[in-house]
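# Structural overview
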Amino acid sequence: MVVPSLKLQDLIEEIRGAKTQAQEREVIQKECAHIRASFRDGDPVHRHRQLAKLLYVHMLGYPAHFGQMECLKLIASSRFTDKRVGYLGAMLLLDERHDAHLLITNSIKNDLSQGIQPVQGLALCTLSTMGSAEMCRDLAPEVEKLLLQPSPYVRKKAILTAVHMIRKVPELSSVFLPPCAQLLHERHHGILLGTITLITELCERSPAALRHFRKVVPQLVHILRTLVTMGYSTEHSISGVSDPFLQVQILRLLRILGRNHEESSETMNDLLAQVATNTDTSRNAGNAVLFETVLTIMDIRSAAGLRVLAVNILGRFLLNSDRNIRRALELSLALVNSSNVRAMMQELQAFLESCPPDLRADCASGILLAAERFAPTKRWHIDTILHVLTTAGTHVRDDAVANLTQLIGGAQELHAYSVRRLYNALAEDISQQPLVQVAAWCIGEYGDLLLAGNCEEIEPLQVDEEEVLALLEKVLQSHMSLPATRGYALTALMKLSTRLCGDNNRIRQVVSIYGSCLDVELQQRAVEYDTLFRKYDHMRAAILEKMPLVERDGPQADEEAKESKEAAQLSEAAPVPTEPQASQLLDLLDLLDGASGDVQHPPHLDPSPGGALVHLLDLPCVPPPPAPIPDLKVFEREGVQLNLSFIRPPENPALLLITITATNFSEGDVTHFICQAAVPKSLQLQLQAPSGNTVPARGGLPITQLFRILNPNKAPLRLKLRLTYDHFHQSVQEIFEVNNLPVESWQ
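Below or above, wherever it landed, is the structure these notes cover. (Residues numbered from 1 in each chain as written. Predicted model: local features only at pLDDT ≥ 70, side-chain atom pairs only at ≥ 80, totals over all residues. Heavy atoms only, no water.)

### Looking at the packing of aromatic side chains
Inspection of the entire model under this criterion finds 4 aromatic pairs. Taken together, a centroid distance of 5.9 Å and an interplanar angle of 85 degrees make the contact between W441 and Y446 edge-to-face. Both residues of the pair, W441 and Y446, count as buried. Ring geometry for F635 and F736: centres 5.7 Å apart, planes at 10 degrees, overall stacked. Highlighted residues: F635 in strand β3 (residues 632–637) and F736 in strand β10 (residues 730–738), separated in sequence by 101 residues. We note that F635, like F736, is buried. The side chain of R36 reaches across the aromatic face of F66, ending 3.9 Å from its centre. (Phe/Tyr/Trp six-rings, centres within 6.5 Å; stacked < 30°, edge-to-face > 60°. Buried < 20%, exposed > 50% of the residue type's maximum accessible area, 1.4 Å probe, protein only. Helix = DSSP H or I, 4+ residues; strand = E, 2+ residues; numbered from the N terminus. Lys NZ or Arg CZ within 6 Å of the ring centre and 35° of its normal.)

### Re the nonpolar core
Ranked by size, the top nonpolar core spans 83 residues in total, and within it M165, F176 and F213 carry the most contacts. In this structure M165 touches L127, C136, L139, A140, V143, L172 and F176, once residues within four positions along its chain are discounted. In this structure, C355, V388, L476 and F533 belong to the second largest nonpolar core, which totals 75 residues. (Core = buried A, V, L, I, M, F, W, Y, C linked by side-chain atoms within 4.5 Å. Contact = heavy atoms within 4.5 Å.)

### Structural notes on the pairing of β3
Sheet topology places β3 next to strand β4 (residues 640–647); 5 bridges connect them, and they run antiparallel. Residue pairing for β4: K633 is matched across the bridge by N643. (Pairing = 2+ DSSP bridges.)

### Considering the pattern of salt bridges
Across all of its chains, the model carries 29 salt bridges by this definition. Among the ionic contacts, a cluster of salt bridges with common partners joins R167, E201, E204, R205 and E638. (Salt bridge = Lys/Arg side-chain N within 4 Å of Asp/Glu carboxyl O.)

This is the structure:
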């Protein structure tokens, strides 16, 4: 007997009544089987009911991809009940990663042109949710027409769809510029708020739009002044503040329009002073408006008195105990410069010690970035990072450990000071993992300086070898230590085996224990170290030498890079022959003289132009280095840049090494960054692991990735790249082909 299919309400009740997850899965599997059978039978009457049940199953986390084509059939139906469920299914089950989403373009175009408001609203909602770049280009004219429709319901949704289109395809800015000026005269709250948002997106992505909308600054000032003095409508007032959402959006737009523009800034100065003095700060709504006002004042070319007022408001924010007011932290970090860095950092570090956990990550990250940009001395920079790691080590970004190790490695005069400071911090607390990692690295590199005790900048501390080894063993055995932290500690112990004067048996025993560790990375490291002890002990001291100085990116490394470049030019001007080259010269003379006897010294030759031997010896011993291949910028969007640099090793001309460098000069971090590549079939490509997946804002530490391309036939090189990342809370995916690679990279 066939069990009939359940209704949606009955399905919900049965799923909620399941006592175990297994019972829930059984109910869902049975119902999904009924839904599949109904789809196969092609029942048009109950198709929307079956899809509605499938959408509920999808929201519970179960697979529902087999309903994608049914969404397309329902959208193409003439019944509103079918279209409603079909469009909802398209928003939930389809996105631009599936080719099926392109099949509904014609249906959406037809529905936008029908003139039925509920259907137009469904089509616009779906387009603004999952519309790809191709769909936005195809449907932009239809959306433009709806921006000026009589119905406020349709116009509001059309404006929000236009915002999505501009974010997906910035070149569509010219399509939506003309209607915006007319929409600014609307009195409907939703339309006006959406229009301000649309203009903001246009100005952020198009310099032409920015110049165009600077003409409407007086109109925006008038709208905001009306909101502040007379109010908009009582239904949009919150806690006595007239329409704070609209006020905040207008202030953000004014900030963009007034940035680096004297005339626009002067037009809005009086209004900003009025908002700053008349806004009620006893409620969160008023504080939100006031915070945006301060941001606008600090970002435009405002009057000096207005800036003083903004700083005073900021000080009141920092003293407020309400967590919502702590948004002033962002502005405080933006105010840091080279002249006030010491005083501002002292206040921010004090705030870091007492701030709520949800703010510690932002505060710690901001302090580290500001210290890197404006550090007055290297010692101050090291002390600042150590304080952050000690206070909020678990909240710092992944690159904090690498940055500090680079900083300490480049400050040779501070090696003894740094290792003693880190040893003391590690002895007090081993729970802060980034701090433990840096301390273990530093003890491994400069453990001899720690035991020497010749640092005059801090209080004398007598440390013996047993205490250092015991502390590192404590890190290895702690349940709080991450696998990466144990790797740092094990490497530090191994390096100390060449820096300590005592017996290495204790270190060898610890290393051999971790040869059977469950963590594969730690086990491999321990096995390799144990092999180094047993088979290659004569090479151990050379292999475990101190790390060479690592080149750092940033303002502090500019002078060092300049000096290194000058030194490199000098060395190229006067090359010094090396021992292998001299050996090759003797081999060459031996071949020319024959096999009659050993050559002890090369004979003195008369430098006449007649002898072939003279011509041969006149050739340089070292071939001239190949000309450097110029770098190439292949991608730039909203401050995110991708540059390629090329190296062809002289010993293997068929091999090309391409270093991908991703930098970020915008105001927001780039996260989940992935770069993938493809080359023609005649070439071989190997992708190395990237240095990270986060590119910090404002020119922070870039991400690098190495591509190894083998081109034995010297075929013309073409490179196809795919970038995916998150930026400003949006997912970005770019696929493009690089055809203008330098000829030197493949010929």
